[in-house]
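Architecture at a glance
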Amino acid sequence: FWAICHGSRRHGARVRVARDRDGASAPGSGPVVGGTIAFEPGAWPIPAGAAIWQLGWVATAGPLPVLRGLRNDRAMRAAHVSHPHTYLWFIGVAPEFHGRGIGRALMAELHQRAEGIGRPTFLETGTESNVHFYRSLGYEEIGKLTMPSGPAMWKLQRPPPVP
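Residues numbered from 1 in each chain as written. Predicted model: local features only at pLDDT ≥ 70, side-chain atom pairs only at ≥ 80, totals over all residues. Heavy atoms only, no water.

Let us look at the overall build of the protein chain. When helices and strands are counted, the protein chain shows six helices and six strands. Along the protein chain, helices and strands appear, N-terminal first, in the series β-α-β-α-α-α-β-α-β-α-β-β. For the protein chain, the residues scored as buried account for 40% of the 163 residues in total. Pairs at least 24 residues apart make up 69% of the contacts formed inside the protein chain by residues separated by at least 6 positions. For the protein chain, the accessible area works out to roughly 9,000 Å², and carbon and sulfur atoms hold 55% of it. (Helix = DSSP H or I, 4+ residues; strand = E, 2+ residues; numbered from the N terminus. Buried < 20%, exposed > 50% of the residue type's maximum accessible area, 1.4 Å probe, protein only. Contact = heavy atoms within 4.5 Å. Areas by Shrake-Rupley, 256 points an atom, 1.4 Å probe, with all protein chains shown as cover.)

Printed below as a string of C-alpha cells:
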C-alpha cells in the first residue's frame with residue numbers, strides 16, 4: 001500500500017483508513033492539492049467494514065446511506081479482479097487545481113510503481129467522463145458493474161509493460 005498526498009483535505013477519512021492499514025507517505029511540503037491511494041498486489045481488500053467504522057460520517061449519515069454504501073461495497077468486492085494487480089482505490093485533485101496536469105502526474109507515479117513490479121493497474125470509476133481520461137493513460141475497459149444503488153461503475157485496467 002502507498003498513499004501519495006499532494007491534495008485536498010476533503011478526503012481525509014480515506015487517507016486515514018488506508019494509512020491505518022499499512023502506512024502512508026506524503027512527499028514534499030506545501031499545500032496538498034491532490035492525492036492517490038493505491039494498494040500493491042496482495043494488500044487489497046482491506047477488511048470488510050474497516051472503512052465504515054473509521055469514518056466519522058457514519059454516526060451522522062443515518063442508517064440508509066450506510067446500508068447503501070455497504071451494499072455497493074459488497075458488489076464492488078465481488079466484482080473485483082482476482083489476478084495480482086496494483087489497485088487504485090482513490091485519486092482526487094482539488095477542483096481549483098483541475099486541468100493543471102496534477103492528476104496525470106499522480107497517475108505517472110502510480111504507473112511507475114506498478115511497472116516496477118510488473119503488474120497491471122486496476123481501478124473503478126462511477127464517472128463516465130473519467131473513462132476518457134483513463135483511456136488516454138493506457139487503460140482498457142474490462143467490464144461495467146451495475147451497482148445496487150448509485151451509478152454504474154466502469155472497471156478499467158492498464159496492462160503491465162511488455163518486457
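Next comes the rest of the write-up.
Quick look at the confidence of the model for the protein chain now. Per-residue confidence for the protein chain gives a mean pLDDT of 79, with 74% of residues at or over 70. Strand S1 (residues 2–5) is the least confidently modelled element of the protein chain, averaging 42 in pLDDT, while strand S6 (residues 153–158) averages 97, the highest of any element. Confidence drops under a pLDDT of 50 for residues 1–26, and excluding neighbours within four residues, the segment shows 81 contacts in the predicted structure. (pLDDT = per-residue confidence, 0-100.)

Turning to the pattern of salt bridges, a few remarks are in order. Considering all chains together, one arrives at four salt bridges under this definition. For Glu 40, the salt bridge identified is with Arg 113, shortest N-O distance 3.2 Å. In this pair, Glu 40 sits in the loop between strand S2 (34–39) and helix H2 (50–54) while Arg 113 sits in helix H5 (residues 102–116), placing the two residues 73 residues apart along the sequence. Using a relative accessible area of 34% as the deciding quantity, one classes Arg 113 as partly exposed. Across the pair Arg 158 and Glu 115 runs a salt bridge whose closest N-O atoms are separated by 2.7 Å. A residue pair is termed long-range when its members are at least 10 positions apart, and Arg 158 in strand S6 and Glu 115 in helix H5 qualify at 43 residues. Accessibility expressed as a relative area gives 35% for Glu 115, which makes it partly exposed. (Salt bridge = Lys/Arg side-chain N within 4 Å of Asp/Glu carboxyl O.)

Under the criterion given, the structure shown has seven aromatic pairs. Through a chain of ring-to-ring contacts, the aromatic side chains of Phe 39, Trp 44, Tyr 87, Trp 89 and Phe 122 assemble into a single cluster. (Phe/Tyr/Trp six-rings, centres within 6.5 Å; stacked < 30°, edge-to-face > 60°.)

At a minimum axis distance of 11 Å, the contact between H5 and helix H6 (residues 128–136) shows a crossing angle of 50 degrees. Overall, the two elements H5 and H6 adopt an arrangement that is oblique. Regarding H5 and H6, the two cross each other, and that crossing is right-handed. Residues Gly 103, Arg 104 and Met 107 of H5 form the contact with H6, whose participating residues are Phe 133, Tyr 134 and Ser 136. Taken together, the residues of the contact of H5 with H6 sort by class into three nonpolar, two polar and one charged. (Axes fitted to C-alpha atoms, helices over the stretch in contact; angles between N-to-C directions. Parallel < 35°, antiparallel > 145°, perpendicular 65-115°, else oblique. Left-handed = near helix turned anticlockwise from the far one by under 90°. Nonpolar A, V, L, I, M, F, W, Y, C, P; charged D, E, K, R; others polar.)

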